[in-house]
Number of protein chains: 2
Amino acid sequence: MAVRDNLPQWPVEAAFDCISGRWKPLIIWCIGYDKLRYSDIKTSLVPISPHILSRQLKSLENDGLIIRIQYQEVPLRVEYHLTPAGLELLPILGYLCGWASVHLPSRVSSPVRKNCRRFFCQQNSENFSVCSSAENIL
Amino acid sequence: MAVRDNLPQWPVEAAFDCISGRWKPLIIWCIGYDKLRYSDIKTSLVPISPHILSRQLKSLENDGLIIRIQYQEVPLRVEYHLTPAGLELLPILGYLCGWASVHLPSRVSSPVRKNCRRFFCQQNSENFSVCSSAENIL
DNA sequence: CTGTATCCCGTCCGATACTG
DNA sequence: CAGTATCGGACGGGATACAG
């Protein structure tokens, strides 16, 4: 998130230290409740470069949000899944998705991606009813 | 949040474009339901420099999260308060605060600030029970 | 009181090429 | 398949001094 010599003073700062980054929220979201391989994440986040993806994955792993499992196979197989901490972040990201869909619709390029479903959207349809519609992408 | 030529593809990206920044979540939080003067925010976020505060306030204003009201008095008085969009962000920041208090306690420096109350903490005490305790800071 | 003007610096993103 | 090496370049944070 930012430049800071010492530990953050407020919890929310610590949270943003972990999850703010060009691709981090999207990585967390697209892993979701599944286990995803490196290449799956890469193709989900189309324009990302392998270098960047690797670095963000490593950072998320260091912060305890995802877990990396490597299988000794040929070809190599590596799977990522969320830790409990990462899983508990999913609904919060859903709230942010709903908030943005309501308050920043003009700042999202692809209309079909302006909305999101998944479980939090149903949970919160009274607040962000637009969320309960068609598309899925965060 | 990051370098991007075009509009974000996903709502959550748009959200992070608005709220990720070294001080932005804290500014939103400390304004809360009040109206705060420039100097009030400045003294709330102790080590912030006037330059940085000014820039982050302007960015938040451009993104429609806060409103700046200038009174033609001597000395000059300027008040900031949240827009409806900014207000709806408060509970989400509260969730993040609770999440970090639970999952990143060791990454917050001041123990007395590890918890948060305010309305969302009571709302969510089943999930983040640590939140319903003493201290207030986000 | 409420900012702005400069300048510096670290960090992060990104492209490209290459490797176990 | 799952990354790493190297090198830029842009952006955002920060310090200090100054202004309306």
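Everything quoted here is computed from the prediction, not taken from an experiment.

*Asks:* I'm lost on the overall build of chain A in this one. Help?
*Replies:* A tally of helices and strands in chain A yields 6 helices and 3 strands. Listed by position from the N terminus, the elements making up chain A come as α-α-β-α-α-β-β-α-α. Across the 138 residues that make up chain A, the buried fraction comes to 50%. Residue pairs in contact within chain A that sit at least 24 positions apart in sequence constitute 49% of those at least 6 positions apart.

*Asks:* Teacher, can you tell me more about the pattern of salt bridges here?
*Replies:* Side chains carrying opposite charge are able to pair once their charged atoms draw close together. Inspection of the entire model under this criterion finds 6 salt bridges over all chains. Linking Glu13 of chain A and Arg22 of chain B is a salt bridge whose minimum nitrogen-to-oxygen distance equals 2.6 Å. In this pair, Glu13 of chain A is assigned in helix α1 (residues 11-19) and Arg22 of chain B in the loop between α1 (11-19) and α2 (24-31), connecting two distinct chains. Given the relative accessible area of 18%, Arg22 of chain B is considered buried. Ionic contacts of the salt-bridge type, sharing partners, join the residues Glu73, Arg77 and Glu79 of chain A into one network.

About the cut-offs
Residues numbered from 1 in each chain as written. Chains lettered and ligands numbered in written order. Predicted model: local features only at pLDDT ≥ 70, side-chain atom pairs only at ≥ 80, totals over all residues. Heavy atoms only, no water. Helix = DSSP H or I, 4+ residues; strand = E, 2+ residues; numbered from the N terminus. Buried < 20%, exposed > 50% of the residue type's maximum accessible area, 1.4 Å probe, protein only. Contact = heavy atoms within 4.5 Å. Salt bridge = Lys/Arg side-chain N within 4 Å of Asp/Glu carboxyl O.

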